[in-house]
Amino acid sequence: MSFNPLEQAGIPVDEQFRNWSELNVTPYDKATVDPYTRTRVILMNGIEVESIIFSHQFARHTDHPELKRALATNRRVDAQQQKAVNGLDPGDQNPLETTVGYEQVAVDLTAWLARHEPDPMIKQALDFALLEDFDHLYRYSNLYDLLYGGHADEITQHLTEITPGRPTIVEHRHPHDEVRTHFDTHTVDPLTRMHVMTITAAEQQTMNFYMNHGSDWIEPIARGLYAEIALIEEQHVTHYESLLDPLDSWLATWVAHEYNEVYLYWSMLQHESDRRIKALWELHLNMELGQLQVACDFMRRLEGREPAEMLPGTLPDTPVTFEPNKDYVRRVLAEQVDLRADGTDYVPVGDLPADHRYFTYQDTVNEGGAPSEQVIDEARAQKGREYRDETEGESPVPDLREPAASR
Ligand SMILES: [Fe+2]
Ligand SMILES: [Fe+2]
Ligand SMILES: [Fe+2]
Ligand SMILES: [Fe+2]
């Protein structure tokens, strides 16, 4: 059942501050947690981080004291929410196990958004990066096996397959091939705007996580793999953020952030199986409704615009949902694994001229080998096999099937 957030008062912002014991939440149990509870926690942490950083940037670009104070207040609450959400992540889940969760988010969030995306241009952008994060899950899962003898399927619970996607080594592109055409803010479907904001925040959080955790490791292969995949996540942030219309004002973008937080907390609570965490999503939904009212009031007062002009009349009927997307991912993999970016287009690799900057960039970064290949070679050498979890049978792409010698 959907509703119009603009008609909901929510909790007034000045009643939203919480004490330390409320923020120091008890983590979930990593052995029994629903994998999609873990992915909801990862996603909503990334959404809060984006809101906080966006608000800091906005504050640096306005000289309106009352607006600065309102931003500071909403931002403080978002910063508290971030602690309450990220604190659910338990300390006995090491960063590599969390990383497997991050890539499960990337696969099942991106695929779900693509399946529900009304704009074909945005759907193509989602499909394109989907195959790359799908491959990251496979590379990190092999690292997990190598370092700890760990089986990533105990984290993913077979809800997401683990098998090669578009191989990470070929994902490295010249920066000029990462900048896309943006949607038009005057004509964009509100759902598209929210999809792009959501995936941009999620990819940015993944980029930040790998930037910070790449140096946690002693093993050179682990440090190298984090460095390599962190760079792809930077590409993904560039790719997705370029889809947003830069014509939107700071105020309109603030309203859109608060609205998207409303939509996502509402979405998360629809399928949450953990009652305690569901109550948290519900509390945060009511907080975001209060924050949205503040942002909307500033838009009315300072821009003389009605927020309803840019927002949908009601929340979308369908909540953003974490669920298996195995058939969809396989179909995209079979059809699009060979696509590469050429400026704002996507073309089969065979169509790129031999002197394309893609190949020059590839030669530069992959000279001396890529950690994403070395981790598989080392798994085969040490374990006599690589790690996969192909619940629906062998890869739809013959070239990506496991070599017989390693099986
Ligand atoms: Fe928030
Ligand atoms: Fe990724
Ligand atoms: Fe990514
Ligand atoms: Fe917020």
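Residues numbered from 1 in each chain as written. Chains lettered and ligands numbered in written order. Predicted model: local features only at pLDDT ≥ 70, side-chain atom pairs only at ≥ 80, totals over all residues. Heavy atoms only, no water.

**With respect to the overall build of the protein**
Each helix and strand in the protein was counted, giving 13 helices and two strands. Relative to its length of 407 residues, the protein is compact, with a C-alpha radius of gyration of 21 Å against a globular reference of 22 Å. Principal-axis analysis of the C-alpha atoms gives the protein an extent of 65 × 50 × 35 Å. Among the 407 residues that make up the protein, the fraction classed as buried is 58%. For the protein, the proportion of contacts with a sequence separation of at least 24, taken over those separated by at least 6, is 85%. Roughly 16600 Å² of accessible area belongs to the protein as shown, and the carbon and sulfur atoms make up 51% of that amount. Of the side chains in the protein, 35 bear a positive and 71 a negative charge, and the two mean positions are spaced by 3 Å. (Helix = DSSP H or I, 4+ residues; strand = E, 2+ residues; numbered from the N terminus. Rg over C-alpha atoms; globule rule 2.2 N^0.38 Å. Buried < 20%, exposed > 50% of the residue type's maximum accessible area, 1.4 Å probe, protein only. Contact = heavy atoms within 4.5 Å. Areas by Shrake-Rupley, 256 points an atom, 1.4 Å probe, with all protein chains shown as cover. Lys, Arg positive; Asp, Glu negative; His and termini not counted. Charge placed at Lys NZ, Arg CZ, Asp CG, Glu CD.)

**Quick look at the packing of helix H8 (residues 220-241) against helix H13 (residues 371-383)**
Packing of H8 against H13 brings their axes to within 8 Å, and their N-to-C directions diverge by 140°. With respect to H13, the axis of H8 lies oblique. Relative to H13, the crossing made by H8 is left-handed. Side by side, H8 and H13 meet where Ile221, Gly224, Leu225 and Glu228 of the first sit next to Pro371, Ser372, Gln374, Val375 and Glu378 of the second. Across the contact of H8 with H13, the residue classes break down as four nonpolar, three polar and two charged. (Axes fitted to C-alpha atoms, helices over the stretch in contact; angles between N-to-C directions. Parallel < 35°, antiparallel > 145°, perpendicular 65-115°, else oblique. Left-handed = near helix turned anticlockwise from the far one by under 90°. Nonpolar A, V, L, I, M, F, W, Y, C, P; charged D, E, K, R; others polar.)

**Focus: helix H5 (residues 120-148)**
With 29 residues, H5 should cover 42 Å at 1.5 Å per step; its first-to-last C-alpha distance of 42 Å lies within 8% of that length. In terms of burial, H5 is a largely internal element, 23 of the 29 residues being buried. The opening residue of H5, the one whose side-chain oxygen lies 2.8 Å from the backbone nitrogen of Met121, is Asp119. Where H5 terminates, the next one or two residues include Gly149, which has phi positive at roughly 65°. (Expected span 1.5 Å × (residues − 1). Polar contact = N/O pair within 3.5 Å; in protein donor to acceptor, adjacent residues only side chain to side chain.)

**Considerations on the coordination of the iron ion (ligand 2)**
Geometry reference: four tetrahedral donors at a metal, ideal angle 109.5 degrees. Six octahedral donors, ideal angles 90 or 180 degrees. Around the iron ion (ligand 2), the protein contributes the donor atoms Glu103 (OE), Glu103 (OE), Asp133 (OD), His136 (ND1) and Glu233 (OE), which lie 2.0 to 2.4 Å from the metal centre. Between consecutive donors of the iron ion (ligand 2), the numbers of intervening residues give the motif E-x29-D-x2-H-x96-E. Between the two metals, the iron ion (ligand 2) and the iron ion (ligand 3), the spacing is 3.5 Å, and Asp133 donates to both. Of the two residues, Glu103 sits in helix H4 (residues 95-116) while Asp133 sits in helix H5, which places them 30 residues apart along the sequence. (Donors = N, O, S within 2.8 Å, 3.2 Å for Na, K, Ca; no water.)

**What about the coordination of the iron ion (ligand 1)?**
Protein coordination at the iron ion (ligand 1): the donors are Glu48 (OE), Glu48 (OE), Asp78 (OD), Gln81 (OE1), Glu261 (OE) and Glu288 (OE), at 2.0 to 2.3 Å from the metal. Taken together, the six donor atoms coordinating the iron ion (ligand 1) span angles of 57 to 170° at the metal, a pattern that classifies the geometry as irregular. Along the chain, the residues donating to the iron ion (ligand 1) are arranged with the sequence spacing E-x29-D-x2-Q-x179-E-x26-E. Taken as a pair, the iron ion (ligand 1) and the iron ion (ligand 4) lie 3.1 Å from each other and share Asp78 as a ligand. On the criterion of sequence distance, the pair formed by Glu48 in helix H2 (residues 35-59) and Glu261 in helix H9 (residues 250-271) is long-range, its members being 213 residues apart. (Tetrahedral: all angles 85-135°; square planar, octahedral: opposite > 155°, others 65-115°.)

**Things to note about the side chain of Arg330**
Mapping Arg330 onto the fold places it in helix H11 (residues 326-336). Apart from the residues within four sequence positions on either side, Arg330 is in contact with Glu161, Glu390, Glu392, Gly393, Glu394, Ser395 and Pro396.

**Considerations on the packing of aromatic side chains**
Tallied over the full model, the rule gives 18 aromatic pairs. With a centroid separation of 5.6 Å and an interplanar angle of 25°, the aromatic rings of Trp217 and Tyr226 are classed as stacked. You can call Trp217 buried: its relative accessible area is 6%. Ring geometry for Tyr265 and Trp281: centres 5.9 Å apart, planes at 35°, overall tilted. In this pair, Tyr265 sits in helix H9 while Trp281 sits in helix H10 (residues 275-303), placing the two residues 16 residues apart along the sequence. Of the two residues, Tyr265 and Trp281, both sit in the buried class. (Phe/Tyr/Trp six-rings, centres within 6.5 Å; stacked < 30°, edge-to-face > 60°.)

**Notes on the pairing of strand E1 (residues 339-342)**
Pairing between E1 and strand E2 (residues 345-348): four bridges, direction antiparallel. Bridging from a neighbouring strand, Arg340 pairs with Val347 of E2. Connecting E1 to the antiparallel partner E2 that follows it, the hairpin turn spans two residues, and Gly343 within it adopts a positive phi of roughly 60°. (Pairing = 2+ DSSP bridges.)

**Examining the nonpolar core**
Ranked by size, the top nonpolar core spans 110 residues in total, and within it Met44, Leu109, Leu143, Trp254 and Trp281 carry the most contacts. Element by element, the count of residues in this core is highest for H5, at 14 residues. Residues in contact with Met44, not counting those within four places in the same chain, are Val85, Leu264, Tyr265, Met268 and Trp281. (Core = buried A, V, L, I, M, F, W, Y, C linked by side-chain atoms within 4.5 Å.)

**Description of H10**
Across its 29 residues, H10 extends 41 Å between first and last C-alpha, which sits within 8% of the 42 Å expected from 1.5 Å per residue. N-cap assignment for H10: the residue whose side-chain oxygen lies 3.0 Å from the backbone N of Arg276 is Asp274.

**Regarding the pattern of salt bridges**
A full pass over the atoms with the stated rule returns 26 salt bridges. Of the charged contacts in the structure, one is a salt bridge between Arg301 and Glu66, with a shortest N-O distance of 3.0 Å. Taken together, the residues Arg301 in helix H10 and Glu66 in helix H3 (residues 65-86) connect sequence positions 235 residues apart. Under the relative-accessibility criterion, Glu66 is labelled partly exposed at 36%. (Salt bridge = Lys/Arg side-chain N within 4 Å of Asp/Glu carboxyl O.)

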